[in-house]
Amino acid sequence: MSGEIYKGLVIEDDKVIRCDYIELDEDDDEYYEPAYVVIPEGIREICKDAFADFPQELYIEFPSTLEIIGDYAFYGCEFDFELEDELPIGLKEIGAHAFEKCSLTHLNLPQGLEEIGKYAFANNELEEVFIPRSVCKIGQGAFSSPDAALWGNYKSIEHITLEEGNEYFKVQNNCLVDFIRGVVISHTDSSVEKIEIPYCARQIGAFAFSNLENLSTVALNMVEEIGYAAFLGCYNLDVHIDIMIDKIEEAAFSNVKSISVDDCNGFRFRVEDGCLIDSNDCLLSIDRKSVSDVCYIPHGVKSIGNYAFLNCDKIKFLDFSFSEVSSIGTYAFMNCINLKHIDFHLELAYIGYGAFEECKALSYLELPQCLQTIDARAFRGCNEIKSVMIPALVGNIGSFAFGVDWISASHFDPISNTYKECYPKKIDIYCEEWAHIESWDENWSAAKNDIVVHEWCKFKYDENGIPDFDWGNEEDDEMEEDAIASVKAPEFTNDEILYIYKGNIRCHRYDHHIIQATAILHNKTDNE
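What counts, and where the lines are drawn
- Residues numbered from 1 in each chain as written.
- Predicted model: local features only at pLDDT ≥ 70, side-chain atom pairs only at ≥ 80, totals over all residues.
- Heavy atoms only, no water.
- Helix = DSSP H or I, 4+ residues; strand = E, 2+ residues; numbered from the N terminus.
- Contact = heavy atoms within 4.5 Å.
- Areas by Shrake-Rupley, 256 points an atom, 1.4 Å probe, with all protein chains shown as cover.
- Buried < 20%, exposed > 50% of the residue type's maximum accessible area, 1.4 Å probe, protein only.
- Pairing = 2+ DSSP bridges.
- Core = buried A, V, L, I, M, F, W, Y, C linked by side-chain atoms within 4.5 Å.
- Patch = residues over 30% accessible without salt bridge, like charges linked within 9 Å, V, L, I, M, F, W, Y side chains within 5 Å.
- Salt bridge = Lys/Arg side-chain N within 4 Å of Asp/Glu carboxyl O.
- Lys, Arg positive; Asp, Glu negative; His and termini not counted.
- Charge placed at Lys NZ, Arg CZ, Asp CG, Glu CD.
- Polar contact = N/O pair within 3.5 Å; in protein donor to acceptor, adjacent residues only side chain to side chain.
- Axes fitted to C-alpha atoms, helices over the stretch in contact; angles between N-to-C directions.
- pLDDT = per-residue confidence, 0-100.
- Phe/Tyr/Trp six-rings, centres within 6.5 Å; stacked < 30°, edge-to-face > 60°.
- Lys NZ or Arg CZ within 6 Å of the ring centre and 35° of its normal.

Remarks on the overall build of the chain
Regarding its fold elements, the chain presents one helix and 46 strands. Once local pairs closer than 6 in sequence are excluded, the contacts in the chain between residues at least 24 apart make up 43%. Only carbon and sulfur atoms are counted for the fraction: they give 44% of the accessible area of the chain, which is about 23800 Å².

As structure tokens, then:
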């Protein structure tokens with residue numbers, strides 16, 4: 001059957017490679033109906049990405065011969081049926097992220113299933129999950145909701161049932177435990193207020209107890225390692241880190257109520273002003289009880305970990321001046337919606353991906369002179385910022401580091417689950433004289449008068465050290481991605497020299513809409 005097209009499927013041997021989407025006319029009777037896909041008998045595997053982000057609602061008939069569903073196979077799909085009733089009994093393996101973001105509410109996994117990949121059913125709306133006794137492997141975060149946790153829209157799986165007789169997992173004290181590896185995979189009841197980790201567990205997996213709003217106490221017992229975002233969003237949790245804890249991963253205790261450390265474990269971790277700090281002087285998180293309008297990063301802290309202050313809505317003023325912070329991690333201060341002012345440490349060199357994303361009240365930004373990298377989305381959504389000076393040592397600015405990343409008539413808000421109107425505010429971005437940006441991400445947008453420009457590689461200068469820049473005016477009728485736009489070269493005054501790489505004007509399109517301007521680059525002059 002190599003290369004055969006069957007009911008919209010691309011099939012090779014006994015595998016579904018992909019499913020081609022055939023766009024229908026609005027006058028077609030089936031335009032508003034789900035895509036009805038029959039996968040023929042004899043198919044053993046649905047390959048990676050086969051149906052990923054399929055643009056139409058799906059109704060699928062699975063064959064009894066199906067054994068493997070690959071990574072991301074149905075990522076982002078919407079189904080017109082309850083998946084729990086359709087998965088065949090012969091299915092043995094579900095890959096990583098296979099059914100992520102599919103709006104699933106119930107899972108009755110089939111008998112015979114052996115492996116569930118990491119994040120296989122993540123970011124759904126799961127209420128009930130049944131795991132058969134045949135399952136011998138469950139990856140981290142398989143039933144978690146990382147996106148909901150990130151945006152502060154906390155929802156956690158309500159209940160997990162494990163069939164009796166499973167030789168690899170057990171449910172004890174509201175914990176689903178892989179007792180062969182000694183890992184807690186997940187909670188089993190979202191209403192739980194107190195948890196005592198079973199003594200067989202040495203590790204708590206990623207997102208195992210995230211978003212449990214009622215959880216107030218946890219006895220860690222023999223646990224040595226606490227995984228990524230394990231207790232993220234447990235607002236009422238008072239946690240004590242005893243001498244057994246050897247490793248705490250990022251975001252493990254972000255947004256918990258309070259944190260304390262056993263005196264005997266002071267060589268690994270310490271708490272100062274509510275901040276949990278490890279032996280490398282990395283600030284891992286801050287407890288909500290200690291957060292106030294003014295937040296001073298403690299003396300001796302050298303870096304801020306990923307997600308450390310995620311969703312801390314009380315902070316208005318952030319002061320790094322007493323610390324030694326040289327690096328701020330991914331999403332470290334994301335969604336601190338009331339943050340208005342930041343006093344950076346003078347030796348700060350790196351601002352991470354999305355570090356201050358959606359800090360909507362931030363209106364003033366003075367970047368330190370030692371700064372070298374502003375990663376992608378670092379200040380995305382900080383729409384009150386009117387202007388920014390880029391220090392001379394900055395050599396790398398990532399995609400959409402300032403402003404919004406794309407604009408059309410509306411955008412999807414994951415918190416309210418609705419589309420909202422969204423229009424950009426232009427930002428004046430000034431480069432210090434003789435600043436040589438070595439690397440602009442190829443998707444980073446800057447603009448003047450609604451013209452979107454893409455910078456490629458780095459600046460080029462003439463013999464006098466002045467940026468050498470050409471405006472292109474080629475026309476593209478096919479509107480392909482990254483097409484060159486037909487536009488007029490804007491007029492600049494002498495004190496408005498664009499500091500960008502020599503190249504053509506280019507449009508960046510999203511759903512056939514030209515993205516509007518998000519930023520303006522200027523050369524800072526002595527007259528300004």
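Back to the text.
A look at the pairing of strand 15 (residues 175-178)
Neither face of strand 15 is exposed, since C175 and V177 on one face and L176 and D178 on the opposite face are all buried. Pairing geometry for strand 14 (residues 169-172) and strand 15, over four bridges, is antiparallel. The residue of strand 15 that forms the bridge with F169 is D178. Between the end of strand 14 and the start of strand 15, which pair antiparallel, lie two residues, with N173 showing a positive phi angle near 55°. Alignment of strand 15 against strand 16 (residues 183-187), held across four bridges, turns out to be antiparallel. Looking at the pairing, C175 lines up with H187 of strand 16.

So, the nonpolar core
Within the largest apolar cluster, 50 residues are counted, with the highest numbers of intra-cluster contacts made by F51, F74, F99, F121 and F143. Mapped by element, the contributors of at least two residues to this core are strand 2 (9-12), strand 3 (15-19), strand 4 (35-38), strand 6 (58-61), strand 11 (128-131), strand 13 (159-162) and strand 16. Those residues within four positions of F51 in sequence are excluded, and the remaining contacts are L9, V16, C19, V37, I39, I46, L58, I60, A73, F74, Y75 and C77. Grouped together as the second largest cluster of nonpolar side chains are 43 residues, C275, I286, C312 and F320 included.

Considering a negative patch on the surface
A cluster of acidic residues, E33, E57, E78, D80 and E125, forms a negative patch at the surface. Its place among the elements puts D80 in the loop between strand 7 (68-69) and strand 8 (93-94). In this structure D80 comes out as partly exposed when scored by relative accessible area, which is 39%.

Description of the environment of F333
Of note, F333 is situated in the loop between strand 30 (327-328) and strand 31 (341-343). Separated by 26 residues in sequence, F333 and C359 have C-alpha atoms that sit 7.8 Å apart. Once residues within four sequence positions are removed from consideration, F333 is found in contact with I304, F309, L318, F320, I328, A355, F356 and C359.

Looking at the side chain of H187
Looking at the element boundaries, H187 is found in strand 16. Looking at H187, the relative accessible area reads 2%, which means it is buried. From its side chain, H187 meets the backbone oxygen of I157 in a polar contact 2.9 Å long. When near neighbours in sequence (up to four residues on either side) are disregarded, H187 contacts S156, I157, I160, N174, A208, F209 and L212.

Regarding the sheet that holds strand 27 (residues 294-296)
Read across the sheet, three strands follow the order 27-29-31 without closing on themselves; strand pairing throughout is parallel. The sheet terminates laterally at strand 27 and strand 31, the two strands that pair on one side only. Within this sheet the neighbouring strands show an average axis-to-axis angle of 10°, counted without direction.

Here's the deal with unusual backbone geometry
Here D53, not a glycine, exhibits a phi torsion of approximately 55°, which is positive. Structurally, the position occupied by D53 is in the loop between strand 5 (45-46) and strand 6. Classification of D53 by relative accessible area gives partly exposed; the value is 48%.

Some thoughts on the sheet that holds strand 13
Spatially, three strands are ordered 9-11-13 in an open sheet, and the strand pairing comes out parallel. Looking at strand neighbours, the two that pair on one side only are strand 9 (106-108) and strand 13, the edges of this open sheet. Across the sheet, the mean angle from the axis of one strand to that of its neighbour is 15°, orientation sign disregarded. In the sheet, strand 11 pairs with strand 13 via four bridges, with the strands oriented parallel. Residue pairing in the sheet places E128 in a bridge with H159 of strand 13.

Here we look at a nonpolar patch on the surface
Together, Y168, F179 and I180 give the surface a local cluster of nonpolar side chains, amounting to about 280 Å² of exposed area. Of the residues examined, Y168 reaches a relative accessible area of 34% and is grouped as partly exposed.

A look at the confidence of the model for the chain
Overall, the predicted model of the chain reaches an average pLDDT of 77, with 71% of residues at or above 70. Confidence over residues 433-462 falls short of pLDDT 50; this stretch has 122 contacts with residues more than four positions distant or in other chains.

Points about the packing of aromatic side chains
In this structure the tally under the stated criterion is 24 aromatic pairs. With 5.3 Å between their ring centres and 5° between their planes, Y36 and Y59 make a pair best called stacked. Placement of the pair is Y36 in strand 4 and Y59 in strand 6, with a sequence separation of 23 residues. Every member of this aromatic cluster is reached through a ring pair, and the members are F51, F54, F62, F74, F79, F99, F121 and F143. Between the NZ or CZ atom of R288 and the centre of the ring of Y235, over which it lies, the distance is 4.2 Å.

Details of the pattern of salt bridges
For the structure on display, the rule yields 17 salt bridges. Between R268 and D246 there is a salt bridge, and its shortest N-O distance comes to 3.0 Å. Taken together, the residues span a long stretch of sequence, with R268 in the loop between strand 23 (258-261) and strand 24 (269-272) and D246 in the loop between strand 21 (238-241) and strand 22 (247-248) at a distance of 22 residues. Here K302 makes a salt bridge to D281, at a shortest N to O gap of 3.9 Å. Taken as a pair, K302 in the loop between strand 27 and strand 28 (303-304) and D281 in the loop between strand 25 (275-278) and strand 26 (282-286) lie far apart in primary sequence, 21 residues in all. Here K302 falls in the partly exposed class, since its relative accessible area comes to 41%.

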